Amino acid sequence: MVTTDSDYDRLAEQKAFNATKAGVKGLVDADVKELPQIFHAPPHFLNGRPPAPDGDPDFSLPVIDLAGARADQDPEERKRIIKKIGDASTEWGFFQVVNHGVPASTLNEIRAGTHRFFDQDVEVKKEYFSADPMSKVVYTSNYGLYTAPVANWGDLILFRMAPDPPAPEQIPACIRQNVQEFSDEMSKVGELLLELMSEALGLAPNHLKDEMGCAEGIGLACHYYPPCPQPELALGITHHTDIGFVTVLSQDHVGGLQVVHRDRWVDVPPVPGALVVNVGDMLQLISNDKFKSAEHRVIVNSTEPRISTVAFFGNGSTLKPRMYGPIKELLSEGNPPIYQEIAMEEFFFQTYKKGFDGDSYLPRLKL
């Protein structure tokens, strides 16, 4: 029976889906042919912006080679890399990096571990199911299930790894070693990127990491997007910006990540071994709009699952209490502060309170 607007009970459908604790993969395993209505994205979510023109070099996401980026290497090559990162962070808010030092085996194994976790029986996964985004280990489908305009076609398991990591036994055994290795490698590459971004802003190499505490809180997320029977109706993740400072992502061969550039959707093509880096809202705030936090989303397909594994630098409740505002060293008479100060935890709370509607809280902080 096809429901009409008058007899459709959205809350009942949300509760029924959540009660299964099986996530979106549970729907696929049950051989669902038609998407529940909670997954039907509004037309403006799906088609609100046109796609970028094929083959236009102005819409080709920068890929930056980090070979030579470390402080003990060729200083001229390092300067060239810093400029490329600064330009990409200013013009796009997104870029990919290669020769970043993370072993391919680490990236392959965390994806394999993600497959293992989501392929488990629901009764096993339920142990980790939670709606609390601040838990140390959380398996869920949609944090904003009851507040967002549409449910996402994807599941995830999240690990809060710094500064207070979960005990090893809290991490599912099927992915435990992979998570720790991935976390260690992401910490190294994240610190290098923050160092290069500091210099791109004209600051000392350690400013973002040590003075601003941008690497104090680290969260890892393993995303699983099952094949979708009606991909033209749904999104893996709806349009949004990231909340923290910097996000570093490893995606598989499937593709589906898109970023907004010049008001068009641009595909982020899978590059073997590459990591995708993007600026978060808080880095846009402290850089006083020098670096941009770009909207992005994930589209789905009907043929195969997609996996992405992500490190978020800067995650609300785990950070030391402090106020964040535009970095004073970047300000001048000609470049006054654009934003008021806010605590990271408050920024996270306000974002969750808004209901995961895809719109950043950042514009509300403008002076």
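See above for the structure.
All values reported here derive from a predicted model rather than from experimental measurement. (Residues numbered from 1 in each chain as written. Predicted model: local features only at pLDDT ≥ 70, side-chain atom pairs only at ≥ 80, totals over all residues. Heavy atoms only, no water.)

As for empty space enclosed by the protein
Then comes step 1: Applying the stated criterion across every chain, the model contains two cavities of 30 Å³ or more.
Then comes step 2: Here the second largest cavity is characterised by a volume of approximately 30 Å³.
Then comes step 3: If you trace the second largest cavity, you find it lined by Tyr 225, Pro 226, Val 298, Ile 299, Val 300, Asn 301, Glu 304 and Arg 306.
Then comes step 4: Here the lining of the second largest cavity is built from residues that sort into five nonpolar, one polar and two charged. (1 Å grid on protein atoms, 1.4 Å probe; cavity = no way out; pocket = protein on both sides within 12 Å on 5 of 7 lines; lining within 4 Å. Points joined across faces, edges and corners; volume = space filled by probe spheres on them. Nonpolar A, V, L, I, M, F, W, Y, C, P; charged D, E, K, R; others polar.)

Describing the sheet that holds strand E2 (residues 94-98)
The strands that make up a sheet pair up through hydrogen bonds in the backbone, lying either parallel or antiparallel.
Then comes step 1: Within the open sheet, the eight strands sit side by side as E1-E2-E10-E7-E12-E5-E4-E3. Their pairing is mixed. Each end of this open sheet is capped by a strand with a single partner; those strands are strand E1 (63-65) and strand E3 (137-140). Recorded for the sheet is a direction-independent mean angle of 20° between the axes of neighbouring strands.
Then comes step 2: Seen against the sheet, helix H4 (residues 75-91) touches E1, E2 and strand E10 (275-279) and runs at an angle of roughly 160° to E1.
Then comes step 3: Relative to the sheet, helix H7 (residues 176-200) contacts E2, strand E4 (155-162), strand E5 (218-225), strand E7 (246-251), E10 and strand E12 (306-313), its axis offset from that of E12 by approximately 55°. (Pairing = 2+ DSSP bridges. Helix = DSSP H or I, 4+ residues; strand = E, 2+ residues; numbered from the N terminus. Axes fitted to C-alpha atoms, helices over the stretch in contact; angles between N-to-C directions. Contact = heavy atoms within 4.5 Å.)

With respect to H7
Then comes step 1: With 25 residues, H7 ought to run about 36 Å at 1.5 Å a step, and its terminal C-alpha atoms sit 36 Å apart, in line with that.
Then comes step 2: Just past H7, the residue Gly 202 takes up positive phi, approximately 85°. (Expected span 1.5 Å × (residues − 1).)

Here's the deal with the packing of helix H5 (residues 104-119) against H7
Then comes step 1: With their axes 9 Å apart at the nearest point, H5 and H7 run at an angle of 140° to one another. By the angle between their axes, H5 is oblique relative to H7. When you trace H5 past H7, the crossing you get is left-handed. Across the interface between the two elements, Thr 106, Leu 107, Glu 109, Ile 110, Gly 113 and Arg 116 from H5 touch Asn 178, Val 179, Glu 181, Phe 182 and Glu 185 from H7.
Then comes step 2: Residues that form the contact of H5 with H7 fall into these classes: four nonpolar, three polar and four charged. (Parallel < 35°, antiparallel > 145°, perpendicular 65-115°, else oblique. Left-handed = near helix turned anticlockwise from the far one by under 90°.)

With respect to the packing of aromatic side chains
Then comes step 1: Under the counting rule described, the total for this entry stands at ten aromatic pairs.
Then comes step 2: For the pair Phe 117 and Tyr 128, a centre-to-centre distance of 6.1 Å together with 65° between the ring planes defines the contact as edge-to-face. Placement of Phe 117 in helix H5 and of Tyr 128 in the loop between helix H6 (122-125) and E3 is noted, with a sequence separation of eleven residues between them. Across this residue pair, the class does not change: Phe 117 and Tyr 128 are buried.
Then comes step 3: Judged by centre distance (5.2 Å) and plane angle (25°), the ring pair of Phe 118 and Tyr 224 falls under stacked. Here Phe 118 is found in helix H5, whereas its partner Tyr 224 is found in strand E5, with 106 residues between them in sequence. With respect to class, Phe 118 is no different from Tyr 224; both count as buried.
Then comes step 4: Among the aromatic residues, ring-to-ring pairing joins Phe 117, Phe 118, Tyr 128, Phe 129, Tyr 139 and Tyr 224 into one connected group.
Then comes step 5: For the cation-ring pair, Arg 49 lies above Trp 265, with the distance from its terminal atom to the ring centre recorded as 5.7 Å.
Then comes step 6: Its guanidinium or amino end placed over the ring of Trp 265, Arg 297 lies 4.2 Å from that ring's centre, counting from NZ or CZ. (Phe/Tyr/Trp six-rings, centres within 6.5 Å; stacked < 30°, edge-to-face > 60°. Buried < 20%, exposed > 50% of the residue type's maximum accessible area, 1.4 Å probe, protein only. Lys NZ or Arg CZ within 6 Å of the ring centre and 35° of its normal.)

Some points on the side chain of His 296
Then comes step 1: Inspection of the secondary structure assignment puts His 296 in strand E11 (residues 296-298).
Then comes step 2: Look at His 296 and you get buried, because its relative accessible area is 6%.
Then comes step 3: Within the structure, the side chain of His 296 is placed 3.0 Å from the backbone oxygen of Ala 294, a separation counted as a polar contact.
Then comes step 4: Residues in contact with His 296, not counting those within four places in the same chain, are Phe 94, Thr 238, His 239, His 240, Thr 241, Asp 242, Leu 257, Gln 258, Val 259, Trp 265 and Asn 278. (Polar contact = N/O pair within 3.5 Å; in protein donor to acceptor, adjacent residues only side chain to side chain.)

Focus: the sheet that holds strand E6 (residues 237-240)
Then comes step 1: Taken together, the four strands give an open sheet; going across it, the order is E6-E11-E8-E9, and neighbouring strands pair in antiparallel fashion. Of all strands in the sheet, those bounded by a partner on one side alone are E6 and strand E9 (264-267). Across this sheet, the average inter-strand angle for adjacent strands is 25°, counted without regard to direction.

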